[in-house]
Amino acid sequence: MRSTKTIHVISAHAEGEVGDVIVGGVKPPPGETIWEQSRWIAKDNTLRNFVLNEPRGGVFRHVNLLVPPKHPDADAAFIIMEPEDTPPMSGSNSICVSTVLLDSGILPMTEPVTEITLEAPGGLVRVRAECRNGKAERIFVQNLPSFAERLDAKLEVEGLGTLTVDTAYGGDSFVIVDAAAMGFSLKPDEAHDIARLGVRITNAANAALGFHHPENPDWKHFSFCLFAGPVERTAEGLRAGAAVAIQPGKVDRSPTGTALSARMAVLHARGQMNMEDRLTAVSLIGSTFSGRILGTTAVGDRPAILPEISGRAWITGTHQHMLDPSDPWPEGYRLTDTWGAR
Ligand SMILES: O=C(O)[C@H]1NCC[C@@H]1O
C-alpha cells in the first residue's frame, strides 16, 4: 500500500443526511478567521474535490473539516463542505460534528448534559447535548441569528410562471415556496421532481432577486429552495413538512436545520410564531428537527430571531481516504447521471 495522503474520517448522519467529519490528516488551511479559512477551502477546491467527488464521495455527501478554533470561547471549529457550497453554517452538519466530537471522545462528555461551543465559519454556535451511556442522544444548537429577507416576492421561473416566494437566512440562504401551491404533498416519491424544480427556482431567484446578508457581503447567493408544507397546530406544537433542494439537484434527507431557522424567522416576521411555540419540521423520510425561538436580535438593519434547533445523529463508520500516486483521477470526477436531477 502507498499513499500521498491519508485523511481520517468519522462518518455520521443527522436524521438521514450524511455529515462526515475529518478528524485528522489535513493541515489547517491558511486564514485569520474560520470564515477566511473556509473561503480558502472553497477557492482551492483540492480537499473538496478529493472528499466530495467520486470515487470517495457522492452527491449525497457533506464533509466537515475540524480545525483549531480561533475564538477563545470555542471548544472546536469546523468548515462545512457541501456538494456545491462551503457555507457559513449547516444544521445537520453541526449536529453530526457535535455527535462525532462527543461520541468519539475528542471532547469530554458529561452526562446527562454536555455543553460545548462550536465555531462555524459564520460564527459561534452554542451546543447542548443530552447524553446517556456514552452517546450524545439529542443535540440542541443555538443557530446563527436568522432573518426574513423578502415576504411575498414575485419570482418569474421559466416554464412555471410567476411564483410568490419568501426569502430568508437561517445560517444559509433560502428561497421558500409553498409546497402545496407547487402541487407537492411532500411524499418520498416526489424527491426527484422537488430536486429538479428546486434547482430551477434557486437559479431563477439568484438571477432575478439576489441575496444580501447585511453583515457578510461574501454570501450573496441563494443556496437552497425550501418547499414548505402547511403549518399544523397539534397538541405537541406546530408541525410542518419540509423538503430542501440542494445544488446541483438532490433533496436533503434531514428536515434541514438552516431551513427550519429560516422558516421560523419568516413565521415570526408574519406574527405566526412566537417564543412559546415549538415547530417540528418533518423531512421526506419522516425524520424530524425541532425548533424554537430563543429571542430576538438584529442582523445589520434587519430584525432577526435567535433560533434553536435540535435533532439526532449517529456514527456510521470510519474511513481512511488515501491517494495512490498512480491514480489518474486524484481529484475524482462528477457525472450528471447522479450529480444533479435532470
Ligand atoms: O440541516 C442543514 O441545514 C443542512 N442539511 C444539508 C444542507 C444544509 O446545510
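Predicted model, so just to flag it, every value in this text is computed and none were measured.

*Asks:* An account of the overall build of the chain is needed here, citing residue identities and associated values.
*Replies:* Looking only at helices and strands, the chain features five helices and 19 strands. Against the 2.2 N^0.38 benchmark of 20 Å for 342 residues, the chain shows a C-alpha radius of gyration of 19 Å, consistent with a compact globule. Reported as C-alpha extents along the three principal axes, the dimensions of the chain are approximately 55 × 45 × 35 Å. In the chain, buried positions account for 55% of the 342 residues. Once local pairs closer than 6 in sequence are excluded, the contacts in the chain between residues at least 24 apart make up 64%. A total accessible area of about 14,200 Å² is found for the chain, and carbon and sulfur atoms account for 50% of it. Separation of charge centres in the chain, based on 32 positive and 41 negative side chains, amounts to 1 Å.

*Asks:* So, helix α3 (residues 91–103): which residues are in play, and what are the values?
*Replies:* Helix length check: α3, at 13 residues, gives a terminal C-alpha distance of 18 Å against a target of 18 Å (1.5 Å per residue), a fit within 8%. Judged by how many residues are buried, α3 sits mostly within the fold: 12 of 13 residues are covered. For α3, every residue scored as buried is listed here: G91, S92, N93, S94, I95, C96, V97, S98, T99, V100, L101 and L102. Backbone geometry just after α3 places G105 at a positive phi near 85°.

*Asks:* Explain the site of the ligand to me, and be specific about the residues and the numbers.
*Replies:* Taken together, E17, H62, E82, S90, G91, S92, F224, I246, D252, T256, G257 and T258 are the residues near the ligand. G91 is positioned with one of its backbone polar atoms (N or O) 2.8 Å from an oxygen atom of the ligand. T258 places a side-chain nitrogen or oxygen 2.7 Å from an oxygen atom of the ligand. Its free accessible area being 260 Å², the ligand has 100% of it covered by the protein chains. Those elements that provide at least two residues to the shell around the ligand are α3 and α5 (257–269).

*Asks:* Let's hear about unusual backbone geometry: which residues, and what values?
*Replies:* A cis amide bond links E54 with the next residue in sequence, P55, at an omega value of 10°. Along the chain, P55 turns up in the loop between α2 (46–52) and β4 (63–67). Residue P112 is reached from E111 by a cis peptide bond, and omega for that bond is 10°. Inspection of the secondary structure puts P112 in the loop between α3 and β6 (113–120). Of note, the phi angle at N133 is positive, near 50°, even though the residue is not glycine.

*Asks:* Give a description of the packing of aromatic side chains that names residues and reports values.
*Replies:* A complete count under the given rule lists eight aromatic pairs for this structure. Summarising the aromatic geometry, the rings of F147 and F211 are spaced 6.3 Å apart at their centres and angled 10° between planes, so their arrangement reads as stacked. Placement of the pair is F147 in strand β9 (residues 147–157) and F211 in the loop between α4 (191–208) and β12 (224–228), with a sequence separation of 64 residues. The pair F147 / F211 is uniform in exposure class, with both members buried. With 5.9 Å between their ring centres and 85° between their planes, W329 and Y333 make a pair best called edge-to-face. Residue W329 is classed as partly exposed on the basis of its relative accessible area, which comes to 49%.

*Asks:* Can you explain α5? Please cite residues and give values.
*Replies:* The α-helix winds at 3.6 residues per turn, so residues separated by three or four positions along the chain end up facing the same way. Taking 1.5 Å per residue, 13 residues should reach 18 Å; α5 reaches 18 Å between its end C-alpha atoms and fits that length. Counting buried positions over the 13 residues of α5 gives 11, a clear majority of the element. Taken together, the buried positions of α5 are G257, T258, A259, L260, S261, A262, R263, M264, A265, V266 and L267. Looking one or two residues beyond α5, the residue adopting positive phi is G271, at roughly 75°.

*Asks:* Break down the side chain of T202 for me, citing the residues and quoting the values.
*Replies:* Secondary-structure assignment places T202 in helix α4. T202 gets classed as buried once you look at its relative accessible area, which sits at 1%. Residue contacts for T202: discarding those within four places in its chain leaves V175, F222, S223, F224, C225 and Q247.

*Asks:* Summarise the nonpolar core; cite the residues concerned and give the values.
*Replies:* L118, L155, I201 and F227 are the most contacted members of the largest nonpolar core, which totals 87 residues. Formed by 16 residues, the second largest nonpolar core is a distinct cluster that contains I22, I41, L47 and F50.

*Asks:* Could you give me a rundown of the pairing of strand β10 (residues 161–169), with the residues and numbers involved?
*Replies:* Where β9 lies against β10, eight bridges are found, and the strand directions are antiparallel. Bridge pairing in β10 places E156 opposite T162. In textbook terms, the turn of a hairpin is the stretch between consecutive antiparallel strands, and for β9 and β10 this stretch comprises three residues, one of which, G159, has a positive phi near 85°. Bridging between β10 and strand β11 (residues 173–178) involves four bridges; their strand directions are antiparallel. In the strand pairing of β11, T167 is matched with V175. Linkage of β10 to β11, two consecutive antiparallel strands, is achieved through a turn of three residues, within which G171 is found at a positive phi near 100°.

Rules and cut-offs
Residues numbered from 1 in each chain as written. Predicted model: local features only at pLDDT ≥ 70, side-chain atom pairs only at ≥ 80, totals over all residues. Heavy atoms only, no water. Helix = DSSP H or I, 4+ residues; strand = E, 2+ residues; numbered from the N terminus. Rg over C-alpha atoms; globule rule 2.2 N^0.38 Å. Buried < 20%, exposed > 50% of the residue type's maximum accessible area, 1.4 Å probe, protein only. Contact = heavy atoms within 4.5 Å. Areas by Shrake-Rupley, 256 points an atom, 1.4 Å probe, with all protein chains shown as cover. Lys, Arg positive; Asp, Glu negative; His and termini not counted. Charge placed at Lys NZ, Arg CZ, Asp CG, Glu CD. Expected span 1.5 Å × (residues − 1). Near = heavy atom within 4 Å. Polar contact = N/O pair within 3.5 Å; in protein donor to acceptor, adjacent residues only side chain to side chain. Phe/Tyr/Trp six-rings, centres within 6.5 Å; stacked < 30°, edge-to-face > 60°. Core = buried A, V, L, I, M, F, W, Y, C linked by side-chain atoms within 4.5 Å. Pairing = 2+ DSSP bridges.

Interpretation in functional terms is not warranted from these geometric data alone.
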